[in-house]
Amino acid sequence: MSDKKPVLVSGIKPTGDLHIGNYFGAMRQQVELANSGEYKPFIFVADYHALNTMQDAEEMRRRTRELVMAYIAVGLDSEKVVLFKQSDVPAHTELAWIFDSITTMPYLMRAHAYKDAEAKNKEISVGTFNYPMLMAADILLYDAKIVPVGQDQKQHIEYARDTAEKFNRVFKEEVFTLPEAYIMPDVAVVPGTDGQKMSKSYGNVIPLFASKDELAKRVMSIVTDSAGGRPENVYAIHKLVRSEQELEPIYAEHAGNYKALKEMLAEDLDHYFAPIRAKYEELQADPEIVERVLEAGKREARAVSEAKMAQVRRAIGVA
Ligand code: ADP
Ligand code: TRP
């Protein structure tokens, strides 16, 4: 066992049906990197982060299960990866409190997520406001070196870096490692069926586990208003599942024939995701698998995070 590998940490909230934007923007890279053998990977379900917006016990349980199965279905190797639930590891919320104590309100008020919520006149929970501190704890507890996420999470990783630096400076000890975001530039923002960023909040998604028919329906609804013969919104999604080299002659040949191009995209998406769907169905037939994986993950994540907390408690003088 080599403990010297750089640590990878990433989390995902169990807050909605997964879509192909989540897959290409986050999950695929997380899984490739996590399985690569180059890192010591920790991947977790950010259920306490989800609690800010999802306050229904049944839904929380169901979506947590679904997310764990989804990760395994897209290829996460639970033998190599510590896969766990944030709420199973008390050190996350404990460290978040410590970070809250060394962080100022004006600094947190600069967070994009907070500013967006405020601009929409939403009543913001204290948890939403502190979101970046819990996320900093998620990352820093494991000495993460890289954090694979979508572009929209970049600022949160900067918060984690700043918080690590601040803690080390205030308590005069190099307790925390400075993490870096890992963002794949080509698919940094996956567009939805309306050409905007694909997001469950915009109703423009192609679900990750859509059936063949559902895929075809969503693809047919892609907005096509390009004048030049190439429907850009179709092409942008198509190039995620097929090389541009292959696509260019096809799009040239069918220039202006949006229906044919959409049919090909639906076909290609179905082909690409069929094995993932099959694996998910197989997992659904094994009711114990989620508990088994999470139990093993909990044990290891607790051991690592408790060792870090011992160091933290000494550094701040409560131990
Ligand atoms: P949503 O925008 O649908 O609410 P989340 O905010 O739950 O999605 O995102 C979960 C993860 O998936 C994040 O790492 C995020 O950056 C990534 N992600 C979500 N939508 C996209 C997209 N359209 N393109 C690229 N990555 C995305
Ligand atoms: N905020 C992330 C999202 O919305 C989820 C998340 C929580 C996360 N903690 C994390 C991602 C730590 C990476 C590392 O997608």
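Note that the coordinates shown come from a computational prediction; the quantities given were computed from them, not determined experimentally.

1. Thoughts on the side chain of threonine 103
- For threonine 103, the position within the fold is in the loop between helix 4 (91-102) and helix 5 (105-108).
- Among the polar contacts listed, one links the side chain of threonine 103 to the backbone oxygen of phenylalanine 99, at a separation of 2.6 Å.
- For threonine 103, the contacting residues outside a window of four places in its chain are Leu108 and Met133.

2. Re the site of ligand 1
- The environment of ligand 1 is made up of 15 residues, and the closest members are His19, Asp152, Val190, Met198 and Lys200.
- Between ligand 1 and the protein, one listed contact pairs an oxygen atom with a side-chain N or O atom of histidine 19 at 2.7 Å.
- In this structure, a nitrogen atom belonging to ligand 1 sits 2.9 Å away from a main-chain N or O atom of methionine 198.
- Isolated, ligand 1 exposes 540 Å² of accessible area, and the fraction of that covered by the protein chains is 90%.
- Within the shell around ligand 1, the residues separate by chemical class into six nonpolar, six polar and three charged.

3. Describing the packing of aromatic side chains
- Summed over the entire model, instances satisfying the criterion amount to 17 aromatic pairs.
- Consider the rings of phenylalanine 42 and tyrosine 142, whose centres lie 4.6 Å apart with planes at 35 degrees: the pair is tilted. Linking phenylalanine 42 in strand 2 (residues 40-45) with tyrosine 142 in the loop between helix 7 (126-140) and strand 4 (144-148), this pair joins segments that are 100 residues apart in sequence. Accessibility assignment for this pair places phenylalanine 42 and tyrosine 142 in one class, buried.
- Each ring, one from phenylalanine 99 and one from phenylalanine 176, has its centre 5.5 Å from the other, and the planes form 70 degrees; the classification is edge-to-face. Separated by 77 residues along the polypeptide, phenylalanine 99 in helix 4 and phenylalanine 176 in the loop between helix 8 (154-170) and strand 5 (180-182) bring together distant segments of the chain. Each member of the pair phenylalanine 99 and phenylalanine 176 is classed as buried.
- Over the ring of phenylalanine 42 we find lysine 40; its NZ or CZ atom is 5.8 Å from the centre of that ring.

4. With respect to the site of ligand 2
- Taken together, the neighbourhood of ligand 2 is formed by 13 residues, with Gly11, His49, Tyr131, Asp138 and Gln153 sitting nearest.
- A distance of 2.6 Å separates a nitrogen atom of ligand 2 from a polar side-chain atom of tyrosine 131.
- Surface burial for ligand 2 is 91%, taken as the share of its 370 Å² of free accessible area covered by protein chains.
- Secondary structure elements with two or more residues in the shell around ligand 2: strand 1 (7-12) and helix 7.
- In terms of residues, the shell around ligand 2 owes the most to one element, helix 7, which gives four residues.
- In terms of residue class, the shell around ligand 2 is made up of seven nonpolar, four polar and two charged.

Scoring rules and cut-offs
- Residues numbered from 1 in each chain as written.
- Chains lettered and ligands numbered in written order.
- Predicted model: local features only at pLDDT ≥ 70, side-chain atom pairs only at ≥ 80, totals over all residues.
- Heavy atoms only, no water.
- Helix = DSSP H or I, 4+ residues; strand = E, 2+ residues; numbered from the N terminus.
- Polar contact = N/O pair within 3.5 Å; in protein donor to acceptor, adjacent residues only side chain to side chain.
- Contact = heavy atoms within 4.5 Å.
- Near = heavy atom within 4 Å.
- Areas by Shrake-Rupley, 256 points an atom, 1.4 Å probe, with all protein chains shown as cover.
- Nonpolar A, V, L, I, M, F, W, Y, C, P; charged D, E, K, R; others polar.
- Phe/Tyr/Trp six-rings, centres within 6.5 Å; stacked < 30°, edge-to-face > 60°.
- Buried < 20%, exposed > 50% of the residue type's maximum accessible area, 1.4 Å probe, protein only.
- Lys NZ or Arg CZ within 6 Å of the ring centre and 35° of its normal.

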